[in-house]
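One letter stands for each residue in the lines below.
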Amino acid sequence: MAQKNFTPTHPGEVIKDELIARGISQKDFAERIGVPYTMLNDILNERRPLSAATALFIESALGISAELLMGLQSDYTMQHTRNNAEVKRKMRSVRPYSSPAAPAR
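Cut-offs and rules
Residues numbered from 1 in each chain as written. Predicted model: local features only at pLDDT ≥ 70, side-chain atom pairs only at ≥ 80, totals over all residues. Heavy atoms only, no water. Salt bridge = Lys/Arg side-chain N within 4 Å of Asp/Glu carboxyl O. Helix = DSSP H or I, 4+ residues; strand = E, 2+ residues; numbered from the N terminus. Buried < 20%, exposed > 50% of the residue type's maximum accessible area, 1.4 Å probe, protein only. Axes fitted to C-alpha atoms, helices over the stretch in contact; angles between N-to-C directions. Parallel < 35°, antiparallel > 145°, perpendicular 65-115°, else oblique. Left-handed = near helix turned anticlockwise from the far one by under 90°. Contact = heavy atoms within 4.5 Å. Nonpolar A, V, L, I, M, F, W, Y, C, P; charged D, E, K, R; others polar.

Visitor: With reference to specific residues and values, describe the pattern of salt bridges.
Guide: Side-chain pairing between opposite charges can occur once the charged atoms of the two side chains come close. Tallied over the full model, the rule gives four salt bridges. Taking the shortest distance from any N to any O, the salt bridge between arginine 89 and glutamate 86 comes out at 2.5 Å. Of this pair, arginine 89 and glutamate 86 are both found in helix α6 (residues 85-93), three residues apart, which corresponds to roughly one turn of the helix. Judged by its relative accessible area of 44%, arginine 89 is partly exposed. Glutamate 86 gets classed as partly exposed once you look at its relative accessible area, which sits at 47%.

Visitor: Quick rundown of the packing of helix α2 (residues 26-33) against helix α3 (residues 37-44)? Include the residues and the values.
Guide: Interhelical geometry of α2 versus α3 gives an angle of 115° and a closest axis separation of 9 Å. Classified by the angle their axes make, α2 and α3 are roughly perpendicular. In terms of crossing hand, the pair formed by α2 and α3 is right-handed. Between α2 and α3, the residues in contact are Gln26, Lys27, Phe29 and Ala30 and Tyr37, Leu40, Asn41 and Leu44, respectively. A class-by-class count of the residues in the contact of α2 with α3 yields five nonpolar, two polar and one charged.

Right, here's the structure in full:
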């Protein structure tokens, strides 16, 4: 089972740090990868999830693995979903299947 008590890193945080380190403005980067500035800004400020297509554009421009970025997004999404009160409530009402019986020998 996945770890339950950790603070996940949104991929936007990693991308934002990389842009700052390289001295690239968000506006110029959005133009370079062909996405709207507002969409990029929402990703960088953790208000929007990163899509696979955008991860590939970022990989092309910065060399950061799209798989790494999507892994961060998956971890972030899963952890926030695990902490969602409505999801927790509904999970308590889900009845698990019993384990299958061992085959007769």
